[in-house]
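Here is what each chain is made of, one letter per residue.
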Amino acid sequence: MISQTAFIGLGRMGIPMTGRLAAAGVAVRGYDVSAQARAALDEVDGARAAASAAEAAQGAASVILMLPTSDAVEAVLLEDGLLEALEPPTILIDMGSSEPLRTRALAERAAQRGIEMLDAPVSGGVRGALEGTLTIMVGGAERAFGECRAMFDAMGGNVRHVGGPGAGHALKALNNLLSAVHLLASCEALAVAERFGLDPAVFVDVVSTSSGRSGSVDNKLPNYVIPARFDSGFTIGLMVKDMAIAVALGEELGLSPKLGESALDAWRHARSALSDDADHTEISRWVELAEARG
């Protein structure tokens, strides 16, 4: 098992993930541009903050990046020089939601220096990070995956090696595209049900045991939408970003994902009407606003 790791990106997901690693006996040194985030890491037993990404990576067997975009990943690795500072056999792990083809190119660039790279995005949100139940989909060499498996198990309840470089990021984006389509359709169906006079709880109970069942019906409608909590911890802005990655990937591969494009357009309108930082389950509010206008 890897005994020391660097963790770059200490946001809402990063801090609880470092906590799970530290609890499993992994020494964590982390870095974030936010002083507040670095201070929060210092409160985690078994972890401490560094003054820079390069300092965090010194002596670490692996370097985990939990950053929001491929642009951010490349800025840290290439513009700030972190990749050049790494020495074999350090394993580089991108656990954010990056663009699969850019991840492939970055993995090739890392390999030229003898650095193995894994892409290991997660699904399960802040709650999954806190509870250690994340789904982690890992792309890259199986040998490197095996070396990091114990770390992934500390953070996730469902860890899968899904293919070569970029495969994890491709699967994550496609998963979120499906999630977004399910949620939008579920909110529209719920709005019609309520307008007709059906009890929302009855709607969820029946559909959850019928062919219309989905994660949105089982989880998001009863836990976040119907009680109007809207606190899942995943924003509309992030959902739109992941959907756009999935649709663009299809287009780059010569396909034309028409339903995905239509759903992406709807979610972009919802983001404009609400806000980039609105919880993604608030898409139901946008559906209600559209119903009122229509």
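Residues numbered from 1 in each chain as written. Predicted model: local features only at pLDDT ≥ 70, side-chain atom pairs only at ≥ 80, totals over all residues. Heavy atoms only, no water.

Colleague: Quick question: what am I supposed to make of the pattern of salt bridges here?
Modeller: A side chain of one charge can pair with a side chain of the opposite charge if their charged atoms are brought near each other. By the definition in use, this model includes 13 salt bridges. In this structure, Glu74 engages Arg102 in a salt bridge whose closest nitrogen and oxygen atoms are separated by 2.9 Å. You can see Glu74 sitting in helix α4 (residues 70–79) and its partner Arg102 sitting in helix α6 (residues 100–111), a full 28 residues away along the chain. Overall, Glu74 belongs to the partly exposed group, its relative accessible area being 22%. For Arg102, a relative accessible area of 25% puts it in the partly exposed group. We note a salt bridge from Glu99 to Arg102, for which the minimum N-O separation is 3.0 Å. Given a relative accessible area of 31%, Glu99 falls into the partly exposed group. (Salt bridge = Lys/Arg side-chain N within 4 Å of Asp/Glu carboxyl O. Helix = DSSP H or I, 4+ residues; strand = E, 2+ residues; numbered from the N terminus. Buried < 20%, exposed > 50% of the residue type's maximum accessible area, 1.4 Å probe, protein only.)

Colleague: For this particular structure, what's the right way to read unusual backbone geometry?
Modeller: Leave glycine aside and you will find that most residues have negative phi; peptide bonds, for their part, are mostly trans. In this structure, the amide linkage connecting Pro88 to the following residue, Pro89, adopts the cis form with an omega of 10°. Its place among the elements puts Pro89 in the loop between α5 (82–85) and β5 (91–94). Non-glycine residue Ala228 carries a positive phi angle of around 55°. Looking at the element boundaries, Ala228 is found in the loop between α11 (215–225) and α12 (236–252). Its identity as a non-glycine residue notwithstanding, Phe230 has a phi of 50°, on the positive side. Tracing the sequence through the fold places Phe230 in the loop between α11 and α12. A relative accessible area of 18% places Phe230 in the buried class.

Colleague: Would you mind showing me how to read the packing of aromatic side chains here?
Modeller: Counted according to the given criterion, the structure contains one aromatic pair. Between the aromatic rings of Phe145 and Phe152, the centroid separation amounts to 6.2 Å while the plane-to-plane angle is 20°, which identifies the pairing as stacked. Under the relative-accessibility criterion, Phe152 is labelled buried at 0%. (Phe/Tyr/Trp six-rings, centres within 6.5 Å; stacked < 30°, edge-to-face > 60°.)

Colleague: Help me understand the pairing of strand β8 (residues 134–139) in this model?
Modeller: When a strand is regular, its side chains alternate between the sheet's two faces. Among the six residues of β8, five are classified as buried, and the element is accordingly described as predominantly covered. Bridge count for strand β7 (residues 122–123) against β8 is two bridges, and the pairing is antiparallel. For Ser123, the partnering residue across the bridge sits in β8 and is Thr135. Relative to strand β9 (residues 156–163), β8 is paired through six bridges, and the arrangement is parallel. The residue of β9 that forms the bridge with Val138 is His161. Once the chain exits β8 it traverses helix α8 (residues 142–155) before rejoining the sheet at β9, and the crossover so formed is right-handed. (Pairing = 2+ DSSP bridges. Right-handed = clockwise from strand over helix to strand, strands pointing away.)

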